[in-house]
Amino acid sequence: MTAKFRIFATCDIGESIDLLRKRGYEVEVYPKPEAPPKSLIVEKVKSGVDGLITTLRDSIDAEIFEAGKGHLKVVAQIAVGFDNINRADANHYKIPFTHTADVLTEATAEFAFFLMGALARKLWTSEHLTRKNQWGYWHPFLPFLGDEVTGKTVAIIGTGRIGLAMIKKCSGFDMNILCYDPAYQNHEYVKAIQETMDLRHERGIQREKTWVKYVPFDEALAHADFVSVHVPLLREGESSTPTYHLFNEMNLRRMKPTAFLVNTSRGPVVEEAALAKALREKWIAGAALDVYEKEPLPADSPLRDPAIEDRCRLMPHFASAARITRLSTDPNKGMAGRCAQGLIDVLEGRYGGDVTKMPYVVNKEAFA
């Protein structure tokens, strides 16, 4: 048994809650599936909790930190992203916050790949044809044809952990790969992928020789059959390479009319009104989104236009929603386990109490 810490969790994270309780923590979990109102979070924090478990749905800012002044010690986020947490406010109040990077890398990358294939092969359209009993014959090219993924060219926009995992998966489908990252280029990884591609070709595992390389953004858009987005959300003033509305009307027009866009990164990276226009006017062939400018997707979103529904796949922020990835109590495998471990590290003073050495803390600069 450890010291008794009080925790408020804005959602249930499964068995990891029980693990905290077994350590002597007093944990209260918001019982509903939707996000709690911010006023309730403020109330719980004011009551003296030591830690918060939060999601991307919760707005964590100065109001929360002020309410927790003198007793709130950590905010543990069950997500890799932390757009909902005001970093400057957290730093001002000297509250470390953690996230769950790495463990959702492969799940998110494979989901992006599945979306790419679903778009290309018209899975949604073909299933509807079958379910509506409109499939009356077999024909070589009627009522429609899809596109192969194998052998095509994909642009990976953002080569962080998930982007690199996507490159690995695309290379296994004998795809040519154009890489772009506004901040960092991992040439060693790309070199290793190229060497693997060359070996596969030499040994007869793949028929055609393929390639992978970094290129400028314009070139990636102009030549790709698929564009898969994996950049973080960075707004003007936050970075010299902002990504907010990176996919706007100008850049969507740079894509091929036969190309498909997949976004599993952050919603505001894509300007949704421009994308809906691009699909209506057929500047591009299709798009699949798992993230949105506003979540959940509003009823009046232009992406819901029936005129584009056959070319626009809409998913409910679902890319990491795999059993082990979301709920494993092992911090090396599951978001829930890593979220709990981040909380434990701070509250129990792991790593000699040095926040800058705690692997899941994001805002280490406030404690340097």
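**Brief notes about the sheet that holds strand β1 (residues 6-9)**
Within the open sheet, the five strands sit side by side as β2-β1-β3-β4-β5. Their pairing is parallel. Looking along the sheet, the strands with just one partner apiece sit at the ends: β2 (26-29) and β5 (97-98). Here strand β4 (residues 74-77) pairs with β5 via two bridges, running parallel. Looking at β5, one finds that Val75 is bridged to Phe97. Contacts from helix α1 (residues 15-22) reach β1, β2 and β3 (51-54), with the element oriented near 155° to β2. Its contacts with the sheet put helix α2 (residues 38-46) on β1, β2 and β3, and the angle it makes with β1 is roughly 175°.

**What about the pairing of β4?**
Side-chain alternation along β4 places Val74 and Ala76 on one buried face and Val75 and Gln77 on a second face that is also buried. Traced from β3 through helix α3 (residues 62-67) to β4, the parallel crossover comes out right-handed. With respect to chirality, the unit in which β4 leads through helix α4 (residues 87-92) into the neighbouring parallel β5 is right-handed.

**A word on the nonpolar core**
Ranked by internal contacts, the top residues of the largest apolar core, which has 56 residues, are Tyr25, Ile53, Met116, Cys170, Ile177 and Leu343. Not counting residues within four places of it along the chain, the set of residues in contact with Met116 comprises Val149, Val154, Met166, Cys170, Met175, Phe226 and Val262. Membership of the second largest hydrophobic core comes to 35 residues, among which are Ala155, Ile157, Ala276 and Leu289.

**Examining unusual backbone geometry**
In this model, Leu142 is joined to Pro143 through a cis peptide bond whose omega is 5°. Relative to the helices and strands, Pro143 is located in the loop between α6 (123-131) and β6 (153-157). The omega torsion across Glu295 and Pro296 is 0°, close enough to zero to call that bond cis. The topology assignment puts Pro296 in the loop between β11 (286-289) and β12 (312-314). Positive phi values are uncommon outside glycine, yet Lys282 reaches one of about 60°.

**A word on the confidence of the model for the chain**
Keep in mind that low pLDDT regions are not for reading the predicted coordinates in detail. Confidence in the prediction for the chain averages 97 pLDDT; 99% of positions are at 70 or higher. By mean pLDDT, α6 is the weakest element of the chain at 96, and β6 is the strongest at 99.

**Things to note about the layout of surface pockets**
Considered as a void within the structure, the second largest pocket measures approximately 250 Å³ in volume. In terms of lining, the second largest pocket is formed by 13 residues, of which the most central are Leu129, Trp135, Leu142, Pro143 and Phe144. For the lining of the second largest pocket, a count of residues per class yields ten nonpolar, three polar and no charged.

**A look at the sheet that holds strand β9 (residues 226-229)**
Strand order in the open sheet made by the seven strands is β8-β7-β6-β9-β10-β11-β12, with parallel pairing throughout. On the outer flanks of this sheet lie β8 (212-214) and β12, each paired with one strand and no other. Across this sheet, the average inter-strand angle for adjacent strands is 15°, counted without regard to direction. Note: β9 against strand β10 (residues 260-263), four bridges, orientation parallel. Opposite Val227, over in β10, you have Leu261 as the bridge partner. Across the sheet, helix α5 (residues 105-120) lies against β6, β9, β10, β11 and β12, angled at about 150° from β10, the strand it touches most. Across the sheet, helix α7 (residues 161-171) touches β6, β7 (176-180), β8 and β9, and the angle it forms with β6 is around 170°.

**Some points on the environment of Thr108**
Within the secondary structure, Thr108 sits in helix α5. Residues Thr108 and Thr264, spaced 156 residues apart in sequence, show a C-alpha to C-alpha distance of 7.4 Å. Leave out the neighbours within four places in its chain, and Thr108 touches Ile162, Thr264, Ala319 and Ser320.

The rules behind each value
- For every chain, the first residue of the written sequence is number 1, and numbering continues from 1 onward in sequence order.
- Per-residue local features are limited, in this predicted model, to residues with pLDDT of at least 70; the limit for side-chain atom pairs, both in listing and counting, is 80 or more; totals at the level of whole chains, interfaces and linings are taken over all residues.
- Side-chain metrics rest on all non-hydrogen atoms present in the structure, leaving aside hydrogens and water.
- When DSSP finds two or more bridges between a pair of strands, those strands are recorded as paired.
- The secondary structure listing takes helices from DSSP runs of H or I that are at least 4 residues long and strands from runs of E that are at least 2 residues long, numbered from the N terminus.
- Residues are treated as being in contact if the distance between any of their heavy atoms lies within 4.5 Å.
- To obtain each axis, a line is fitted to C-alpha atoms, and for helices this fit is confined to the stretch in contact; angles are then taken between N-to-C directions over 0 to 180 degrees.
- Whether a residue is buried, partly exposed or exposed follows from its accessible area with a 1.4 Å probe, protein chains only, as a fraction of its type maximum: under 20%, in between, or over 50%, in that order.
- Note on handedness: a clockwise path from strand one over the helix to strand two, with the strands aimed away from the viewer, defines a right-handed crossover.
- Nonpolar cores were defined as sets of buried Ala, Val, Leu, Ile, Met, Phe, Trp, Tyr and Cys residues, with membership established by side-chain atoms within 4.5 Å.
- Across the chain, each position has a pLDDT score giving the predictor's confidence in that residue, from 0 to 100.
- Site definitions follow a grid-based scheme: protein atoms alone, a 1 Å grid, a 1.4 Å probe that fits but cannot get out for cavities, and for pockets an open set with protein on both sides within 12 Å along at least five of seven lines, plus lining residues having an atom within 4 Å of a point.
- Grid points are joined across faces, edges and corners, and a volume is the space filled by probe spheres set on the points.
- Each residue is assigned to one of three groups, with Ala, Val, Leu, Ile, Met, Phe, Trp, Tyr, Cys and Pro labelled nonpolar, Asp, Glu, Lys and Arg labelled charged, and all others, Gly among them, labelled polar.

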